[in-house]
Amino acid sequence: MKSIAVYCSSSNDVDEVFKEEARKVGELLGKNKYKIVYGGGNMGLMGTISNSSIAAGGHVYGVITKHLIDFEKKNKSLNNLKIVTSMHERKMEMFNSSEIFLIFPGGIGTLEEFFEVYSWKQLHIHSKPIIIYNFNNFWDDLIMLIDNLVRKNFAGENMKEAYKVITNLDELKKELRICE
């Protein structure tokens, strides 16, 4: 079973179009036996992806910190939830438990998680695939920022090859080699 860390929003206030896409992604991963590794919450896109995967028969592994249990509403439908003491421990557990990183629309925490696995790839700490899910052009500004860093020689050209950008479910299927 392949494992995929999904980094995304914990906010319930995002547009419904993102929630619907998250539901489709969770269902796709669940039906195709991908183990989702995520932050363990039941809110926002995190909750939507995990719950739709579980409903589709998928395996989900949540990692949540003690201090976020009430804030992110620990997902009680999980049968595989690890409670840790720090964000560093949470991120390390997610990193070590994943073979692929999927960067779905999210906020500051999602950006921080992306930049950590991205910089670790630059430092050759790992060679795992990083997929930016640029649904509805959500990550256009991030991609432009990275392009600017490369253009101005603050990052090497190879850093544009350290991740793959996709925009929809069909491209995700292709990237994960899922045939339905």
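Residues numbered from 1 in each chain as written. Predicted model: local features only at pLDDT ≥ 70, side-chain atom pairs only at ≥ 80, totals over all residues. Heavy atoms only, no water.

Draft legend 1. Layout of the overall build of the chain. The secondary structure content of the chain amounts to six helices and seven strands. Reading the chain from its N terminus to its C terminus gives the helix and strand order β-α-β-α-β-β-α-β-α-β-α-β-α. Computed over C-alpha atoms, the radius of gyration of the chain comes to 16 Å, within 12% of the 16 Å expected from 2.2 N^0.38 for 180 residues, which places it in the range of a compact globule. Each of the three principal axes of the chain carries a C-alpha extent, and together these read 45 × 40 × 30 Å. In the chain, of all internal contacts separated by at least 6 residues, the share reaching a separation of at least 24 is 71%. For the chain, the exposed area adds up to about 9,000 Å²; of that, 51% sits on carbon and sulfur atoms. (Helix = DSSP H or I, 4+ residues; strand = E, 2+ residues; numbered from the N terminus. Rg over C-alpha atoms; globule rule 2.2 N^0.38 Å. Contact = heavy atoms within 4.5 Å. Areas by Shrake-Rupley, 256 points an atom, 1.4 Å probe, with all protein chains shown as cover.)

Draft legend 2. Region of the structure containing the environment of Thr48. Take Thr48: it is sitting in helix 2 (residues 44–55). C-alpha separation for the pair Thr48 and Gly107, spaced 59 residues apart in sequence, amounts to 16 Å. A polar contact is formed between the side chain of Thr48 and the backbone oxygen of Gly44, at a distance of 3.1 Å. (Polar contact = N/O pair within 3.5 Å; in protein donor to acceptor, adjacent residues only side chain to side chain.)

Draft legend 3. Region of interest: the side chain of Ser98. Checked against the element boundaries, Ser98 lands in the loop between helix 3 (87–96) and strand 5 (100–103). Among residues more than four places away in sequence, those in contact with Ser98 are Ser3, Ile4, Ala5, Val37 and Lys128.

Draft legend 4. Just unusual backbone geometry, in detail. Located in the positive-phi region is Asn153, a residue other than glycine, with phi close to 65°. By secondary structure assignment, the location of Asn153 is in the loop between helix 5 (140–151) and strand 7 (164–166). One non-glycine residue, Arg177, lies in the positive phi region at around 60°. Along the polypeptide, Arg177 turns up in the segment after helix 6 (169–176).

Draft legend 5. Highlighting helix 6. Within helix 6, burial applies to Leu169, Leu172, Lys173 and Leu176. Taken down its axis, helix 6 places every buried residue within 100° of arc, on the same side. Every exposed residue of helix 6 that faces more than 90 degrees away from the buried side is listed here: Asp170 and Lys174. Measuring from the backbone nitrogen of Asp170 back to the side-chain oxygen at the start of helix 6 gives 3.1 Å, which picks out Asn168 as the cap. Immediately downstream of helix 6, the backbone of Arg177 shows phi near 60°, a positive value. (Buried < 20%, exposed > 50% of the residue type's maximum accessible area, 1.4 Å probe, protein only. Arc of directions from axis to C-beta.)

Draft legend 6. Seen up close, the nonpolar core. In this structure, Ile4, Val6, Phe104, Tyr133, Leu172 and Leu176 are the most contacted members of the largest nonpolar core, which totals 26 residues. The element that contributes the greatest number of residues to this core is helix 1 (residues 16–31), accounting for five residues. If sequence neighbours within four positions are ignored, Phe104 has contacts with Val6, Tyr7, Cys8, Phe18, Glu21, Ala22, Val25, Leu45, Ile49, Thr110, Tyr133 and Trp139. Membership of the second largest hydrophobic core comes to 25 residues, among which are Val63, Met94, Ile130 and Ala155. (Core = buried A, V, L, I, M, F, W, Y, C linked by side-chain atoms within 4.5 Å.)

Draft legend 7. Quick peek at the pattern of salt bridges. Taken as a whole and assessed by the stated rule, the structure comprises ten salt bridges. In this structure, Lys160 engages Asp147 in a salt bridge whose closest nitrogen and oxygen atoms are separated by 3.9 Å. On the criterion of sequence distance, the pair formed by Lys160 in the loop between helix 5 and strand 7 and Asp147 in helix 5 is long-range, its members being 13 residues apart. Relative accessible area serves as the criterion here: at 34%, Lys160 is assigned to the partly exposed category. Residue Lys160 is joined to Glu157 by a salt bridge in which the shortest nitrogen-to-oxygen separation is 3.7 Å. Three or more residues joined by partner-sharing salt bridges are found here, namely Glu20, Arg23, Glu27 and Lys31. (Salt bridge = Lys/Arg side-chain N within 4 Å of Asp/Glu carboxyl O.)

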